[in-house]
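Residue-level structure breakdown
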Amino acid sequence: MNEQNLGNANTNISSNVFDPLTGLKKYEYFVSDLKRIISENKNTPDFKLAIVYSDIRYFKYLNDTFGYNRGNELLKMYSEFISKPNPRFLGNCHVYSDNFISATNVSGLTEERFYAEIDKRNKNFEEIIKPFFFDRPIFLNTGVYILRDALNEDIETAISNANYARKESKKFNTDQCVQFSDQMMKDIIFRMELSASLPMAIETKEIKVFFQPKVDSVTNKVIGAEALARWIKKDGSMIYPDQFIPLLESNGMIVELDYYVYREVFKYIRERLDAGLEVVPISMNISRVHFKNDELGPYIEELLAQYKIPTEYIEFELTESIYIDRIHRILPFVNKMRGLGIKISMDDFGSGYSSLNLLNNLPIDVLKLDKVFLSNDDLSRNQKIILSCVISMAKQLNIKVLCEGVENKHQSEFLTTAGCDMFQGFYFSRPICEEDFNQYLKDNKIYDGK
Ligand code: C2E
Ligand code: CA
Ligand code: CA
């Protein structure tokens, strides 16, 4: 086969084709080069192509700590390193930031041998670069995809497979390269199918709203519930939100899902009111994606008008991280809702980088302490001190406190003594379907409206 040396670091050429910082080919030129190479090799027996996608772990941190110039130097050194002459080398490109792709001809090599070579190459680079960062170890994340049939596979899909494996390597926290596996392919297909079937799942009501009761800490009577989405497939299998919410957040479809959940909850409350049955306030989750624009407030007002629901029955939950990220959009929304009489909870408090100072500045009615506070069955002395202080501080600020993830009697007894107002957790009830929740309401009345 021909030896094509494409995309060697080319720092002297300033053109559209090369990235000015690293001198490597830009993505689109790299891809078209690869397509050409593949077609030139259509008669080469055993032609086998591997895509290696890498980034530098904690690059943002390195940039912030050592400065952008040092960050750029690192990118240049990596570019030069991967461009060293190598008979198997077919091309490199700098995609963006610290993302790089290399293409290698692996004909005649076993896959294991190739992966070992990549690991060795990465280790070499990590050794070379270490002294430039005061001996702080620098690691690469690398994903590899070997095309089984280069002539018939789509090259951009191959690149995206290698990229997927790179992202997976971050989960494993390893600097060994991760190969794109059959399981990863199954995950991608599963995610694509989920995305494609969501609109239908809403229409056909495969997505159901479950309710998890909230109880008073002293009487243990039900005083509200949180609406949680469940996807129940036709075969009866259940998909939990952790599997589909992140996906829907990444493609924006979460907005549709949330609107659906809100409609179902409003409808449920209306039906109960019309039937003269007991109703408790229901809280609904709000994804951060809503705050890309200002449509949420008007949508909720429309629902209130359409279903004529007294606002005391409606609550919304916003995670503490949304408050931090999107404060300028959140504040007007929260003020508007509270002005209407809708309560706002700060969800998952304590799960991220909470600042207690947040409580000082933000208008909220309820603080929902995250499950992390209760990570042991028996609370440690330190956990108890922290919980008591957070609860007492919230109370002094006139904020009600709900503890999530209460799973046993020890926890609930301690929290009651510490002054926590409400509980939500498996000890009282798991999230349950509407019918079971209605029964739970019957058995565990009574909401006193406060
Ligand atoms: P979240 O808002 O923090 O909801 C509480 C989660 O904790 C629920 O998980 C619930 O099942 C679980 N949980 C409740 N009590 C206990 C307990 O005692 N122990 C343990 N270990 N877990 C407990 P779920 O239903 O799987 O929901 C996960 C997350 O998905 C929710 O966390 C929420 O962030 C999101 N989510 C669920 N439904 C919706 C929705 O309709 N819209 C949006 N935007 N997000 C949703
Ligand atoms: Ca929640
Ligand atoms: Ca929560």
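Notes on helix 8 (residues 254–274)
Taking 1.5 Å per residue, 21 residues should reach 30 Å; helix 8 reaches 30 Å between its end C-alpha atoms and fits that length. One or two steps after helix 8, the chain reaches glycine 276, where phi turns positive at roughly 70 degrees.

Concerning the coordination of the calcium ion (ligand 2)
Coordination sphere of the calcium ion (ligand 2), protein contribution only: Glu226 (OE), Asn285 (OD1), Glu317 (OE) and Asp347 (OD), at 2.2 to 2.3 Å. Between the two metal centres, the calcium ion (ligand 2) and the calcium ion (ligand 3), the spacing is 3.9 Å, with aspartate 347 acting as a shared donor. In this pair, glutamate 226 is assigned in strand 7 (residues 222–232) and glutamate 317 in strand 10 (residues 314–319), connecting sequence segments 91 residues apart. There is no split in this pair, since glutamate 226 and glutamate 317 are both buried.

Brief notes about the coordination of the calcium ion (ligand 3)
Only Asp347 (OD), Asp348 (OD), Glu404 (OE) and Glu404 (OE) from the protein reach the calcium ion (ligand 3) as donors, at distances of 2.1 to 2.4 Å. Coordination of the calcium ion (ligand 3) draws on donor residues from a single chain, spaced D-D-x55-E in sequence. Residue glutamate 404 is classed as buried on the basis of its relative accessible area, which comes to 8%.

Some thoughts on the pairing of strand 11 (residues 343–349)
Consecutive residues of a regular strand have side chains that alternate between opposite faces of the sheet. In terms of burial, strand 11 is a largely internal element, five of the seven residues being buried. As paired elements, strand 10 and strand 11 share five bridges and run parallel to each other. Looking at strand 11, one finds that threonine 319 is bridged to aspartate 347. Bridging between strand 11 and strand 12 (residues 366–369) involves three bridges; their strand directions are parallel. Within strand 12, the residue paired with serine 345 across the bridge is valine 366.

Let's talk about the nonpolar core
Counting residues in each nonpolar core, the largest one holds 84 residues, and the members touching the most others are Ile282, Leu367, Leu369, Leu415 and Phe437. With 11 residues, the single largest contributor to this core is helix 8. Not counting the four nearest positions on each side in its chain, leucine 369 is found in contact with Phe349, Leu387, Val390, Ile391, Val401, Leu402, Cys403 and Glu404. Membership of the second largest hydrophobic core comes to 26 residues, among which are Phe30, Phe47, Ala150 and Ala165.

Side note on the site of ligand 1
Taken together, 23 residues surround ligand 1, and among them Arg230, Asp258, Lys371, Glu407 and Phe426 come closest. Within the contact set of ligand 1, an oxygen atom lies 3.1 Å away from a side-chain nitrogen or oxygen of glutamate 226. Contact between ligand 1 and glutamate 404: an oxygen atom at 3.5 Å from a side-chain N or O atom of the residue. Here ligand 1, which alone exposes 800 Å², has 85% of that area covered by the protein. Sorting the residues of the shell around ligand 1 by element identifies strand 7, helix 7 (241–251), helix 8 and strand 11 as the ones contributing at least two each. If one sorts the elements of the shell around ligand 1 by residue count, strand 7 sits on top with four residues.

Focus on the packing of aromatic side chains
This structure, assessed with the given rule, holds 18 aromatic pairs. Ring geometry for phenylalanine 66 against phenylalanine 133: centres 5.0 Å apart, planes inclined by 85 degrees, an arrangement best described as edge-to-face. Of this pair, phenylalanine 66 sits in helix 2 (residues 59–66) while phenylalanine 133 sits in the loop between helix 4 (111–129) and strand 4 (140–147); the two residues are 67 residues apart in sequence, bridging distant segments of the chain. The exposure class assigned to phenylalanine 66 is partly exposed, which follows from its relative accessible area of 23%. Here the aromatic rings of phenylalanine 423 and phenylalanine 428 are separated by 5.5 Å at their centres, their planes lie at 15 degrees, and the arrangement is stacked.

Some thoughts on the sheet that holds strand 4
Overall, mixed pairing links the five strands, which are arranged 2-3-1-4-5 in an open sheet. The open sheet is flanked by strand 2 (89–96) and strand 5 (178–179), the only strands paired with a single partner. As paired strands, strand 1 (residues 49–56) and strand 4 are joined by eight bridges and run antiparallel to one another. Looking across to strand 4, one finds that tyrosine 53 is bridged to glycine 143. The sheet strands contacting helix 4 are strand 1, strand 3 (99–105), strand 4 and strand 5, and the helix crosses strand 4 at an angle near 155 degrees.

Procedures and definitions
- Residues numbered from 1 in each chain as written.
- Chains lettered and ligands numbered in written order.
- Predicted model: local features only at pLDDT ≥ 70, side-chain atom pairs only at ≥ 80, totals over all residues.
- Heavy atoms only, no water.
- Helix = DSSP H or I, 4+ residues; strand = E, 2+ residues; numbered from the N terminus.
- Expected span 1.5 Å × (residues − 1).
- Donors = N, O, S within 2.8 Å, 3.2 Å for Na, K, Ca; no water.
- Buried < 20%, exposed > 50% of the residue type's maximum accessible area, 1.4 Å probe, protein only.
- Pairing = 2+ DSSP bridges.
- Core = buried A, V, L, I, M, F, W, Y, C linked by side-chain atoms within 4.5 Å.
- Contact = heavy atoms within 4.5 Å.
- Near = heavy atom within 4 Å.
- Polar contact = N/O pair within 3.5 Å; in protein donor to acceptor, adjacent residues only side chain to side chain.
- Areas by Shrake-Rupley, 256 points an atom, 1.4 Å probe, with all protein chains shown as cover.
- Phe/Tyr/Trp six-rings, centres within 6.5 Å; stacked < 30°, edge-to-face > 60°.
- Axes fitted to C-alpha atoms, helices over the stretch in contact; angles between N-to-C directions.

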